[in-house]
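Okay, here's what each chain looks like letter by letter:
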Amino acid sequence: MAVKASEISVGDTFDEVLVEDLKRTQLVMYSGASGDYNPLHSDDIYSREVAGYPGVFAHGMLTMGMTGRVVTDLFGHENVKKYGVRFTNQVWPGDDLKSQAVVEDVREEGGEILVDIKLTTTNQNGDVVVMGNATGRVDP
Amino acid sequence: MSAERTLLTDELKSWIGREVSYPAREELGRASIRYFAMALADDNPLYRDDAYAQEAGHPSLVAPPTFVVETCQYADRPPNHHGYIGHGWDLPIEGCRMIRAGNAYEFIRPVLPSDRVSVTWTLEDMVERPSSRGGSQLFVSSVARHYDADGELLAVNRETLVYQPLEGGT
């Protein structure tokens, strides 16, 4: 369950496997579930011939949502205050993704204990696909 | 080959500050939350099991945090010619491809299946910057504020999109 302030220190890391062999089906599921029907993510011919990409690729928000699991697992859903990412590389069908959170700061603000983490999601080649930051509330 | 072009035209500049709101037609609902969690391959019972979520102190099951800032269904727009239904500014930019640069979310409270969510998008700024590949690219930053039916803020989504000129000749 959610970590406590007494259990973590700056520099601690938390690793999670997000997906192995990402399937096109999952992109289609995400399109439907999010309502983001941009054909770049579901229509291979469109992606190649109209948009000029090698093929369909994952919604940035899918990678962001999967990376968000690290944040909710660490802090507990209701304690997540902020979560932001930059997209640094595209995610393709067949990719394996894992994410690492590093504790950057443990601080007090407004009577709450807040923990800042840095997030890095990488693919099977070690390329960083998402870099992010999150802040969560923790118990003492 | 690539003649220098100005992406940030006066016409585009006039778009800065525009605002659009989309009220949801209906409550979020348990099924859409479950499908979203399934699409993330996230089997957290908070997203599918009321009893479990209540045990954890929630009024009912809750949505994954990134769901509230994503549901294009709020937009309730007819699909465009690519089949896209979500919010878009439909900026008058020709010959560019659009790339998502980043998003930053702030969560005020977990979103419930009973929430009827509305969103207000504001086009905050547009900046033209040199691209590492030569030429320039246009950064468009927007902010979406998501509210519940009582007008209470649920979440904020700051989004940066980049428009890059396509290489000629495709």
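Residues numbered from 1 in each chain as written. Chains lettered and ligands numbered in written order. Predicted model: local features only at pLDDT ≥ 70, side-chain atom pairs only at ≥ 80, totals over all residues. Heavy atoms only, no water.

Let's talk about the pattern of salt bridges
Tallied over the full model, the rule gives 13 salt bridges over all chains. For Arg100 of chain B, the salt bridge goes to Glu159 of chain B, with nearest N and O atoms at 2.7 Å. Residue Arg100 of chain B is located in strand β2 (residues 96-107), and its partner Glu159 of chain B is located in strand β5 (residues 153-165); the two are separated by 59 residues in the primary sequence. In this structure, Arg109 of chain B and Asp115 of chain B form a salt bridge, with 2.9 Å as the shortest nitrogen-oxygen distance. The class for Arg109 of chain B is partly exposed, based on a relative accessible area of 29%. With relative accessibility at 7%, the residue Asp115 of chain B sits in the buried group. When salt bridges with common partners are traced through the structure, they connect Lys81, Glu112 and Arg137 of chain A into a single cluster. (Salt bridge = Lys/Arg side-chain N within 4 Å of Asp/Glu carboxyl O. Helix = DSSP H or I, 4+ residues; strand = E, 2+ residues; numbered from the N terminus. Buried < 20%, exposed > 50% of the residue type's maximum accessible area, 1.4 Å probe, protein only.)

Some points on the interface of chain B and chain A
Taken together, the contact between chain B and chain A spans 38 residues of the former and 34 residues of the latter. For the pairing of chain B and chain A, the buried interface totals around 3000 Å² over both sides, and the portion due to carbon and sulfur atoms is 58%. Here the side of chain B that touches chain A takes 11 residues from β2 of chain B, the largest share from any one element. Its residues assigned to classes, the side of chain B that touches chain A comprises 24 nonpolar, 9 polar and 5 charged. Summarising the sheet, strand β2 (residues 80-87) of chain A and β2 of chain B pair through 5 bridges and their orientation is antiparallel. (Contact = heavy atoms within 4.5 Å. Buried area = accessible area lost by both parts, 1.4 Å probe. Nonpolar A, V, L, I, M, F, W, Y, C, P; charged D, E, K, R; others polar. Pairing = 2+ DSSP bridges.)

Quick notes on the packing of aromatic side chains
In this structure the tally under the stated criterion is 6 aromatic pairs over all chains. Ring geometry for Tyr53 of chain A versus Phe57 of chain A: centroids 4.8 Å apart, planes at 55°, classification tilted. Ring centres 6.3 Å apart and planes at 70° place the aromatic pair Tyr83 of chain A and Tyr105 of chain B in the edge-to-face group. Here the residue Tyr83 of chain A occupies a position in strand β2, and Tyr105 of chain B occupies one in strand β2, the pair thus bridging two chains. Tyr105 of chain B matches Tyr83 of chain A in its accessibility class, with the two residues each being buried. In textbook terms, an aromatic cluster arises when at least three aromatic residues are bridged by ring pairs, as seen for Tyr30 of chain A together with Phe36 and Phe67 of chain B. (Phe/Tyr/Trp six-rings, centres within 6.5 Å; stacked < 30°, edge-to-face > 60°.)

A word on the packing of helix α1 (residues 24-34) of chain A against helix α2 (residues 30-39) of chain B
In the contact formed by α1 of chain A and α2 of chain B, the axes pass within 8 Å of each other and the chain directions differ by 150°. Judged by the angle between their axes, α1 of chain A and α2 of chain B are roughly antiparallel. Relative to α2 of chain B, the crossing made by α1 of chain A is left-handed. The segment α1 of chain A lies against α2 of chain B, with Gln26, Met29, Tyr30, Ala33 and Ser34 of chain A engaging Tyr35, Phe36, Met38 and Ala39 of chain B. When grouped by side-chain class, the residues that make up the contact of α1 of chain A with α2 of chain B number 7 nonpolar, 2 polar and no charged. (Axes fitted to C-alpha atoms, helices over the stretch in contact; angles between N-to-C directions. Parallel < 35°, antiparallel > 145°, perpendicular 65-115°, else oblique. Left-handed = near helix turned anticlockwise from the far one by under 90°.)

Details of the domain arrangement of chain A
Frequently, the measure chosen for interface size is the accessible area that the parts lose on association. All names here are of chain A. When cut into domains, chain A gives domain 1 (5-22 + 59-138) and domain 2 (24-57). Spacing between the C-alpha centres of domain 1 and domain 2 amounts to 25 Å. Summing both partners gives a buried area of about 1100 Å² for domain 1 against domain 2, and 70% of it is carried by carbon and sulfur. At the boundary of domain 1 and domain 2, one finds 0 salt bridges. Applying the counting rule to domain 1 against domain 2 returns 2 residue pairs in polar contact (both at pLDDT 80 or more). When residues of the side of domain 1 that touches domain 2 are assigned to their parent elements, the largest contribution, 3 residues, is made by helix α3 (residues 60-75). Looking at the side of domain 1 that touches domain 2 residue by residue, the class counts come to 8 nonpolar, 2 polar and no charged. (Domains from an automatic or database assignment. Polar contact = N/O pair within 3.5 Å; in protein donor to acceptor, adjacent residues only side chain to side chain.)

Section: the nonpolar core
Within soluble globular proteins, side chains that are nonpolar generally end up buried alongside one another. Counting residues in hydrophobic clusters, the biggest one holds 57 residues, and the most contacted among them are Val71, Tyr83, Ile117 and Leu119 of chain A. With 8 residues, the top contributor of residues to this core is α3 of chain A. Residue contributions to this core reach at least three from each of two domains, namely domain 1 (5-22 + 59-138) and domain 2 (24-57) of chain A. Excluding anything up to four places from it in sequence, Ile117 of chain A contacts Val71, Leu74, Phe75, Ala101, Val102, Val103, Glu104, Gly132, Asn133 and Ala134 of chain A. Core analysis: the second largest hydrophobic core is formed by 18 residues, Leu91, Cys96, Leu123 and Met126 of chain B among them. (Core = buried A, V, L, I, M, F, W, Y, C linked by side-chain atoms within 4.5 Å.)

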